[in-house]
Amino acid sequence: MNLKADFAIIGGGIGGVTCAETLSHLNPDTNIVLITASSLIKTVTNLVQVSERIESFDVEEKPKSYLESTLPNVQVVHAAVAILDSENHILKTSDGTSVGYKKVCICTGGRPKVIVEDNPFVLGIRDTESVQEFQKRLKNARRIIVIGNGGIATELVYEVEGCEVIWAIKDKSISSAFVDAGAAQFFLPCVNKEKTESRKPLKRHKYTEEDDVTRPKNVTGGALGPDWSVNRDMVGNQQGSHKVHIEYSVEMANIFKLDEIKTNGKKIENPSTFDQITDDWPVCVELTNGKIYGADFIVSATGVVPNSHQFSANNFEIAEDGGIKVNDKMETNVKDVFAAGDICTASWIPAPHWIQMRLWSQARQMGCYAAKSMVASLSNEDVTLDFCFELFTHMTKFFNYKVILLGKFNGQGLGEGQEILLRFTEGVEYVKAIIQDGHLQGAVLIGETDLEETFENLILNKIDLTLFKEHLLDPNIDIEDFFD
Ligand code: FAD
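Residues numbered from 1 in each chain as written. Predicted model: local features only at pLDDT ≥ 70, side-chain atom pairs only at ≥ 80, totals over all residues. Heavy atoms only, no water.

## With respect to the sheet that holds strand 6 (residues 74-78)
Put simply, the rule reads: If DSSP finds at least two bridges between two strands, the strands pair. Counting from the N terminus, the helices are DSSP H or I runs at least four residues long and the strands are E runs at least two residues long. Axis lines are fitted to C-alpha atoms, over the contacting stretch for helices. Their N-to-C directions set the angle, which ranges from 0 to 180 degrees. Residues are treated as being in contact if the distance between any of their heavy atoms lies within 4.5 Å.
Here five strands make up an open sheet; going across it, the order is 6-3-2-10-22 and the pairing parallel. The outermost strands of the open sheet, each flanked by one partner alone, are strand 6 and strand 22 (337-339). Neighbouring strand axes in the sheet, compared pairwise and without regard to direction, differ in orientation by 20 degrees on average. In this sheet, strand 3 (residues 32-36) lies alongside strand 2 (residues 7-10) in parallel orientation, the contact comprising four bridges. Looking at the pairing, Ile-9 lines up with Leu-34 of strand 3. In this fold helix 1 (residues 14-26) packs onto strand 2, strand 3, strand 6 and strand 10 (103-106), with an angle of close to 170 degrees to the strand it touches most, strand 3.

## Section: the packing of aromatic side chains
Heads up, the condition is: Pairing of aromatic side chains requires ring centres within 6.5 Å, counting the rings of Phe and Tyr and the six-membered ring of Trp. Pairs whose planes differ by under 30 degrees are stacked, by over 60 edge-to-face, and all others tilted. When accessible area is computed with a 1.4 Å probe and restricted to protein chains, residues below 20% of their type maximum are described as buried, those above 50% as exposed, and intermediate ones as partly exposed.
Counted under the stated rule, the structure contains 16 aromatic pairs. Residues Phe-187 and Phe-398 carry aromatic rings whose centres are separated by 6.3 Å and whose planes lie at 85 degrees to one another, so their mutual orientation is edge-to-face. Residue Phe-187 is found in helix 5 (residues 181-191), and its partner Phe-398 is found in strand 24 (residues 393-398); the two are separated by 211 residues along the sequence. Note on accessibility: Phe-187 and Phe-398 belong to one class, buried. When the centroid spacing of 5.2 Å and the interplanar angle of 40 degrees are considered together, the rings of Phe-187 and Phe-399 count as tilted. One end of the pair, Phe-187, is in helix 5; the other, Phe-399, is in the loop between strand 24 and strand 25 (401-407), and 212 residues separate them in sequence.

## Notes on the nonpolar core
This is how the line gets drawn: What makes a nonpolar core is a set of buried Ala, Val, Leu, Ile, Met, Phe, Trp, Tyr and Cys residues whose side-chain atoms join them at distances within 4.5 Å.
Core analysis: the biggest nonpolar cluster contains 100 residues, and Leu-91, Ile-106, Phe-134, Ile-144, Phe-187, Met-330 and Ile-446 have the highest contact counts within it. Ranked by residue count, the leading element in this core is helix 7 (residues 360-378), at seven residues. The next biggest cluster of nonpolar side chains, apart from the first, holds 20 residues, and it includes Ile-54, Leu-458, Ile-459 and Leu-472.

## Re the pairing of strand 28 (residues 439-446)
Burial of strand 28 is extensive: seven of the eight residues sit out of reach of the surface. Bridge analysis of strand 25 against strand 28 gives five bridges, and the strand direction is antiparallel. Across the sheet, residue Ile-404 finds its bridge partner in strand 28, namely Leu-445. As defined by bridge partners, strand 27 (residues 429-436) adjoins strand 28 across seven bridges and the pair is classed as antiparallel. Considered in strand 28, the bridge of Ile-435 is made with Leu-440. Once strand 27 ends, the chain turns through two residues before running back antiparallel as strand 28, passing Asp-437 with a positive phi of about 50 degrees.

## Some remarks on the side chain of Asn-314
Here is the rule we go by: Counting of polar contacts relies on pairs of N or O atoms within 3.5 Å, with two restrictions inside protein: one atom must be capable of donating a hydrogen and the other of accepting it, and residues adjacent in sequence are counted only when both atoms are side-chain atoms.
With respect to the element layout, Asn-314 can be found in the loop between strand 20 (304-306) and strand 21 (324-326). Among the polar contacts made by the side chain of Asn-314, one reaches the side chain of Ser-86 at a distance of 2.6 Å.

## Focus on the confidence of the model for the protein chain
Where we set the bar: As a per-residue measure, pLDDT reflects the predictor's confidence and takes values from 0 up to 100.
For the protein chain, the average pLDDT comes to 88, and 91% of its residues sit at 70 or higher. With pLDDT under 50 throughout, residues 198-207 is counted as low confidence; its partners more than four residues away or in other chains account for 21 contacts.

## Here we look at a negative patch on the surface
Threshold: Patches in this entry comprise residues that are over 30% relatively accessible and not in a salt bridge; like charges within 9 Å are linked, as are nonpolar side chains (Val, Leu, Ile, Met, Phe, Trp, Tyr) within 5 Å. Note that accessible areas follow from Shrake-Rupley with a 1.4 Å probe, and for residues the cover is restricted to the protein chains shown. Take a side-chain nitrogen of Lys or Arg and a carboxyl oxygen of Asp or Glu: if they are within 4 Å of each other, that pair is a salt bridge. Residues counted as positive are Lys and Arg, residues counted as negative are Asp and Glu, and His and the chain ends are not counted. Charge positions are represented by NZ for Lys, CZ for Arg, CG for Asp and CD for Glu.
Together, Asp-450, Glu-453, Asp-478 and Glu-480 make up a negatively charged patch on the protein surface. Looking at the secondary structure, you find Glu-453 in helix 8 (residues 452-460). Its relative accessible area of 42% is what places Glu-453 among the partly exposed residues.

## Focus on the pairing of strand 3
Our working definition: Note on handedness: a crossover is taken as right-handed if, strands pointing away from the viewer, the path from the first strand over the helix to the second is clockwise.
With five of five residues buried, strand 3 lies mostly within the body of the structure. What you see with strand 3 is no split at all: Ile-32, Leu-34 and Thr-36 on one side and Val-33 and Ile-35 on the other are buried throughout. Following the backbone out of strand 2, through helix 1 and into the adjacent parallel strand 3, one traces a crossover that is right-handed.

## A word on the side chain of Gln-365
Along the polypeptide, Gln-365 turns up in helix 7. If sequence neighbours within four positions are ignored, Gln-365 has contacts with Cys-388 and Phe-389.

## Brief notes about unusual backbone geometry
Leaving glycine out, the prevailing phi sign among residues is negative, and the prevailing peptide bond configuration is trans. Despite not being glycine, His-89 has its phi angle at roughly 55 degrees, a positive value. Within the secondary structure, His-89 is located in the loop between strand 7 (81-85) and strand 8 (90-93). Of note in the backbone geometry, Asp-118 takes a positive phi value of approximately 55 degrees without being a glycine. Relative to the elements of secondary structure, Asp-118 occurs in the loop between strand 11 (110-112) and strand 12 (122-124).

Structure follows, in structure tokens:
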């Protein structure tokens, strides 16, 4: 099959689908082809504007026909792109389809950074397939070891029930990719707390991926959506709710089979609060603090690596984190090739309160802005960087608490002279404001603080707080009124 498109997009995750939707709205007369290796595409639904810059939304998986029926000028091809021939402006898929394009956007996401490749006892979590495999194995598991300290590890540790969890983290506090040690302390009591809320049935229809005959083994499906863990059964074969033991400041040193441990005369640890006193574990992990734990399997949740290896013949400029470098128009260094979402690394000089993090919200923002930029480029017009790149915002849930992160929420790159203001009520809320040179630079808001809109304005409007900072977190002062 030979197709011709004004715009081509590779990837059916949030980045690619948002790019296709925006292109279609901006330019209904053009011809758009989206090629995706996963049989289901990801769409954003239930978008809620929480404040001017903070959005919350759901991510739903839909069949490709959904996009084609809602956007008549978009054709979706279910195949993996094997070759990007940027010189001749042609894409070739592994099943022999070729797509000629004028502008292309690469939205191929990332793959899990698995601590050990090709070990049957180590599982990475990225797409629907991998989480199904996790659930299947968990059903028969008495104990698992979770390695990693980001969002995926945090959610897993909270959701898994009926199975002991050894959580091995390289930092001194939990969930450090998102929150500081103080907030981690706030969350700590939740780690082993019995869950009170019951699982609500998912109102949305769930589609399942067809057997992906077209997807080569080294190409992943789309990264999971927000309810990837919440409404899935994550239950092991034991009684009870949570039994989590945390090992701080460690990494994985070695993986052993039980008989290797026995031959070497090494000792297997058993946390005193755990029930499993057996030593018939299929796999054992030695941590860098010398402790050895047995488990049924290991979950590697140590982040993602952008899929930039796929089209390397094009000599893309690659950033240190492995992403394809893009400029402030989402253009790569290769003519007429754009990139958006997890695959790319923002290589422009960022606004003072913006940082890149590989998140749904940014995949959506980048996909949308890349589309605007592709349209402008086709008609030789210019675009200015979208205002969403002025302030980092992220809204999520950890341990069932609302979490909002604003600006340089962990003081990233601020250097000396930071002042931290804190308000903390155990089990209710945690508020951290970072002030530098009299100005609010970032904030962590956990719980129903109702401060997000005011803080967003204080950061963006660069309000001088020198005289007011003592009162900024005073619960008896309505700061919204004060700064109105
Ligand atoms: P992806 O969603 O990875 O989509 C890539 C697409 O490209 C897929 O359709 C894939 O099949 C396709 N593809 C790849 N190679 C090819 C090829 N050669 N040819 C054709 N198609 C190809 N973010 C948050 O904001 N909040 C969270 O709580 C959160 N939790 C997460 C939990 C998990 C388990 C994971 C894995 C991620 C989580 N993220 C979270 C991150 C978020 O999912 C990603 O940042 C986002 O989905 C990236 O979107 P994307 O479109 O760039 O890439």
